[in-house]
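# Fold and geometry: a report
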Amino acid sequence: MLEFDLRWQRGDFSLRAQGRLDGGVIGLCGPSGAGKSTLLAMIAGLQRPDAGAVRWNGVALVETGRRVFLPPEKRRIGLVFQDGCLFPHLTVQNNLLYGYRRRPASERLFPPDAIITLLDIGHLLTRRPRDLSGGEKQRVALGRALLYSPSLLLLDEPLASLDNHRKQQILPFLLRVRDTLGLPMLYVSHAEDEVRYLTDRVWHMEAGRLHTGPAGERIGP
Ligand SMILES: Nc1ncnc2c1ncn2[C@@H]1O[C@H](COP(=O)(O)OP(=O)(O)OP(=O)(O)O)[C@@H](O)[C@H]1O
């Protein structure tokens, strides 16, 4: 279970967010500038909170009061961003295996072949990112994040740079990941219909405040 209680301020913008994610998919929606990416960055360890804590199954990943700060590579959190952020000089295969090879065999969650089949990227393995379409890049980025063997997957507008047609092609893969791998996911998107395709558990963020609803989530519109 992921639990967080975080504060962060820069200039006029202040973020205050408290929440709990115990499995399944939670969507995180809200207008531009609401603080969604900043919240994800603090959970992943890419941004330090001014005050607060993030715990995974009771273990502190960050706790400002005790000066605990686990760097991102020690958190076992998979990240997928809008533009994939693949390593341009590596083939698809080496992008996919980048995190996998750095995990001890005993910690590896999924065999590469299973993920390659799940995402239907077997025919792309020898290509480099520049020779992939936007949708293919995002499938490879998702595969790379999964082969890192994360305990939690954070997706920050993973489909935002794709046209509607491509989005419709990728959403079923995300459903497959949800249904076959059982990883908890926090999915940021402006598009609430996209989020609702994957989950009816939606958090809202506005002007730096996170609204999770009375039961830690909001169900229904
Ligand atoms: N270093 C900084 N200094 C000042 N303000 C910052 C800094 N970094 C982020 N902000 C502000 O924090 C706010 C939250 O930004 P954030 O990117 O988290 O929002 P978002 O909800 O993810 O937006 P979008 O949907 O457009 O990606 C914005 O108003 C942004 O300008």
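Residues numbered from 1 in each chain as written. Predicted model: local features only at pLDDT ≥ 70, side-chain atom pairs only at ≥ 80, totals over all residues.

## Overview of the pairing of strand E9 (residues 185-188)
Heads up, the condition is: Note on burial: count the other C-beta atoms lying within 10 Å of the residue's C-beta; 20 or more is buried, 12 or fewer is exposed, in between is partly exposed, and C-beta positions come from the backbone. Secondary structure elements follow DSSP: runs of H or I no shorter than four residues count as helices, runs of E no shorter than two count as strands, and numbering proceeds from the N terminus. The rule for pairing is simple: two strands pair if DSSP sees at least two bridges between them. Call a crossover right-handed when, viewed with both strands pointing away from you, the route from the first strand across the helix to the second goes clockwise.
Burial along E9 is two-sided: Met185 and Tyr187 and Leu186 and Val188, pointing in opposite directions, are all buried. The sheet contact formed by strand E3 (residues 25-29) and E9 spans four bridges and is parallel. Bridge pairing in E9 places Gly27 opposite Tyr187. Pairing analysis gives four bridges linking strand E8 (residues 152-156) to E9, with the strands arranged parallel. Across the sheet, Leu154 pairs through a bridge with Leu186, a residue of E9. Following the backbone out of E8, through helix H5 (residues 164-181) and into the adjacent parallel E9, one traces a crossover that is right-handed.

## Structural notes on helix H4 (residues 134-147)
Threshold: Each residue after the first adds 1.5 Å to the expected span of a helix.
Look at H4: 20 Å from first C-alpha to last across 14 residues, which is about the 20 Å you get at 1.5 Å a residue. With respect to burial, H4 is a largely interior element, 12 of its 14 residues being buried. Three or more residues of H4 are buried, namely Glu136, Lys137, Gln138, Arg139, Val140, Ala141, Leu142, Gly143, Arg144, Ala145, Leu146 and Leu147. Once H4 finishes, Ser149 follows within two positions and takes phi at roughly 60°, a positive value.

## Describing the environment of Val202
Within the secondary structure, Val202 sits in strand E10 (residues 201-206). Its 25 C-beta neighbours within 10 Å are what place Val202 among the buried residues. Sequence separation between Val202 and Tyr187 is 15 residues, and the spatial gap between their C-alpha atoms is 9.2 Å.

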